[in-house]
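Chain and residue survey
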Amino acid sequence: MPEPLLQFDHVTKEFDLNKNWFGKPSNAFRAVNEVTWQVEQGAALGIVGESGCGKSTMARMAVGLELPTSGEVRFAGKTLGQWLKEDAILLRQSVQMVFQDPSASLNPRQRIREILELQLQRLTDFRAEQRTQRMEEVLEQVQLPSATLERYPHEFSGGQAQRISIARALISKPKLLLLDEPVSALDVSVQAQILLLLEEMRKELGVTYVFISHDLAVVEQLCPNVLVMYAGSIVESGPTRQLFEHRRHPYTDLLIKSVPVPGKSLELKSEEKADLENQGGCTFRNRCPKANQQCSRVPNLREVRGSIGGHECACHYPLSEAA
Ligand SMILES: Nc1ncnc2c1ncn2[C@@H]1O[C@H](COP(=O)(O)OP(=O)(O)OP(=O)(O)O)[C@@H](O)[C@H]1O
Ligand SMILES: [Mg+2]
């Protein structure tokens, strides 16, 4: 069994929307609700769900940009709290993130050489000539010429800029890459090129991916396993193809039926905050065609009977196999 590289163990993240006069939270919003999942070394896990369901908050906790309100996030067996205390640089070197909007994540006043070199200076003790060699190597991996180094971010197309963001994330040879909607801002043909590049690099470099997207078709292409999130909770998880074909949660069904065309992003009306006000029950019950009184109890994530490969669903009345 491969070792889990990243583990979320009953992780909750609350944001304080208002603080009272004493600085105490008076209206905490639960963006991530008691999630438990893991990703093994060398694997690629997709996370899907509509806008606001907590995907980016999970990614930020995975890289240590946010700390959980409760529960533990572990990388290579050690909690992120311990990593940050004992060796924050090694953590940053090993866990990197690529964001949705490449041009916004690259400093417009710096040449690509400065952007990449700064990352190497922060995260490695390479000497100047080793840094140059590594920059050229990583640009080759993302299929950009070394002349790229002398140019500024605005001189590149969206797809090229995303390749530069990926190069910056890979330059410290991370073990884990969090990709937060890395192709959403790109048109479909450029999306396909970047996805191919990511797939090749995963095989070549053995980097573990956590890939976040609204777009189910994109996740299906890159990730053998997937988590479906709704309003901060995992409602279904398992092998991607099996889960999409034999979905058991009414929300996954809605998600798939809302995306009739591969590559088309999901646009659902987000009502999760209102749903969360129904404390104590299934967060999806307000929108669920199958909801009844049992749904005032929170459904736990349970293995789907007769499934293979760890297909799990959190629903009192999962859709039948025929759905
Ligand atoms: N710093 C913050 N303070 C208060 N609320 C926050 C904060 N960050 C996120 N949230 C809230 O937490 C919820 C989850 O946000 P998150 O960014 O994780 O969603 P998401 O699934 O990534 O959405 P999208 O697909 O639009 O990127 C949202 O309702 C958001 O408004
Ligand atoms: Mg997000």
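The preceding data block contains the structure.
Just so it is clear, the structure is predicted and the values come from calculations on it, not from any experiment.

Looking now at the packing of helix 5 (residues 158-170) against helix 6 (residues 188-205). The contact between helix 5 and helix 6 brings their axes to 10 Å, and the two run at 20°. As far as their axial angle goes, helix 6 and helix 5 are roughly parallel. For the pair helix 5 and helix 6, the sense of crossing is right-handed. Facing G159, Q162, R163, I166 and L170 of helix 5, the residues of helix 6 in contact are V190, Q193, I194, L197, L198, M201 and L205. Of the residues assigned to the contact of helix 5 with helix 6, the class counts are 8 nonpolar, 3 polar and 1 charged.

An order of 6-7-8-3-9-10-12-11 is seen for the 8 strands of this open sheet, with the pairing classed as mixed. Because the sheet does not close on itself, it has two edges, and the strands there are strand 6 (95-98) and strand 11 (302-303). Pairing of strand 7 (residues 176-180) with strand 8 (residues 208-213), which is carried by 5 bridges, proceeds in the parallel orientation. Among the inter-strand pairings, D180 is bridged to a residue of strand 8, identified as I212. Sitting on the sheet, helix 9 (residues 250-257) touches strand 3 (44-48), strand 9 (225-230) and strand 10 (233-239), and the angle it makes with strand 9 is about 100°.

The terminal C-alpha atoms of helix 4 (residues 128-141), which comprises 14 residues, lie 20 Å apart, in line with the 20 Å expected from a rise of 1.5 Å per residue. All of the buried residues along helix 4 are R131, R134, M135, V138, L139 and Q141. Take helix 4 and look down its axis: the buried residues cluster within an arc of 150°, on one side only. Along helix 4, exposed side chains directed more than 90 degrees from the buried face belong to Q133 and E140. The elements touched by buried residues of helix 4 are helix 3 (112-123), helix 5 and helix 6. Following helix 4 by one or two positions, Q143 has its phi on the positive side, about 60°.

Position of R163 relative to the elements: it lies in helix 5. Notably, R163 is buried but unbridged: the nearest opposite-charge side chain belongs to E200, and the N-O separation is 7.7 Å. For R163, the residues in contact, after removing those within four places along its chain, are V142, Q143, L144, Q193, I194 and L197.

A two-sided burial pattern is seen for strand 6, the buried positions comprising V95 and M97 on one face and Q96 and V98 on the other. Bridge count for strand 6 against strand 7 is 4 bridges, and the pairing is parallel. Within the sheet, the bridge partner assigned to V95 lies in strand 7 and is L176.

With 54 residues, the main nonpolar core has V142, I166, L177, L198, M201, Y209 and F211 as its most contacted residues. Discounting residues that sit within four places of it in the chain, V142 has contacts with R163, I166, A167, L197 and M201. Of all hydrophobic cores here, the second largest spans 30 residues; its members include F8, C53, A59 and M61.

This part takes up the site of ligand 1. Taken together, 15 residues lie around ligand 1, and S51, G52, K55, S56 and T57 are the ones closest in. In this structure, S51 approaches ligand 1 through a side-chain N or O atom, which is 2.5 Å from an oxygen atom. Within the side chain of T57, an N or O atom sits 2.5 Å from an oxygen atom of ligand 1. For ligand 1, the protein covers 68% of the area, taking 640 Å² as the surface of the free molecule.

Two elements in contact, helix 3 and helix 4, have axes separated by 10 Å at closest approach and are oriented at 115°. The interaxial crossing formed by helix 3 with helix 4 has right-handed handedness. In this structure, helix 3 uses R113, L116, E117, L120 and Q121 to contact helix 4, whose residues at the interface are R131, T132, R134, M135 and L139. A breakdown of the residues in the contact of helix 3 with helix 4 according to their chemical character gives 4 nonpolar, 2 polar and 4 charged.

Inspection of the entire model under this criterion finds 15 salt bridges. The salt bridge involving E66 is made with R60; its shortest N-O contact spans 3.3 Å. On the accessibility criterion, E66 (18% relative accessible area) is buried. Classification of R60 by relative accessible area gives partly exposed; the value is 28%. Among the salt bridges present, the one from E150 reaches R113, with a minimum N-O distance of 2.6 Å. Taken as a pair, E150 in the loop between helix 4 and helix 5 and R113 in helix 3 lie far apart in primary sequence, 37 residues in all. Residue classification places R113 among the partly exposed residues on the basis of a relative accessible area of 25%. Linked through salt bridges whose partners overlap, the residues forming this network are K13, R60 and E66.

Calculation criteria
Residues numbered from 1 in each chain as written. Chains lettered and ligands numbered in written order. Predicted model: local features only at pLDDT ≥ 70, side-chain atom pairs only at ≥ 80, totals over all residues. Heavy atoms only, no water. Axes fitted to C-alpha atoms, helices over the stretch in contact; angles between N-to-C directions. Helix = DSSP H or I, 4+ residues; strand = E, 2+ residues; numbered from the N terminus. Parallel < 35°, antiparallel > 145°, perpendicular 65-115°, else oblique. Left-handed = near helix turned anticlockwise from the far one by under 90°. Contact = heavy atoms within 4.5 Å. Nonpolar A, V, L, I, M, F, W, Y, C, P; charged D, E, K, R; others polar. Pairing = 2+ DSSP bridges. Expected span 1.5 Å × (residues − 1). Buried < 20%, exposed > 50% of the residue type's maximum accessible area, 1.4 Å probe, protein only. Arc of directions from axis to C-beta. Lys, Arg positive; Asp, Glu negative; His and termini not counted. Salt bridge = Lys/Arg side-chain N within 4 Å of Asp/Glu carboxyl O. Core = buried A, V, L, I, M, F, W, Y, C linked by side-chain atoms within 4.5 Å. Near = heavy atom within 4 Å. Polar contact = N/O pair within 3.5 Å; in protein donor to acceptor, adjacent residues only side chain to side chain. Areas by Shrake-Rupley, 256 points an atom, 1.4 Å probe, with all protein chains shown as cover.

By themselves, these are just geometric observations and shouldn't be taken as functional.
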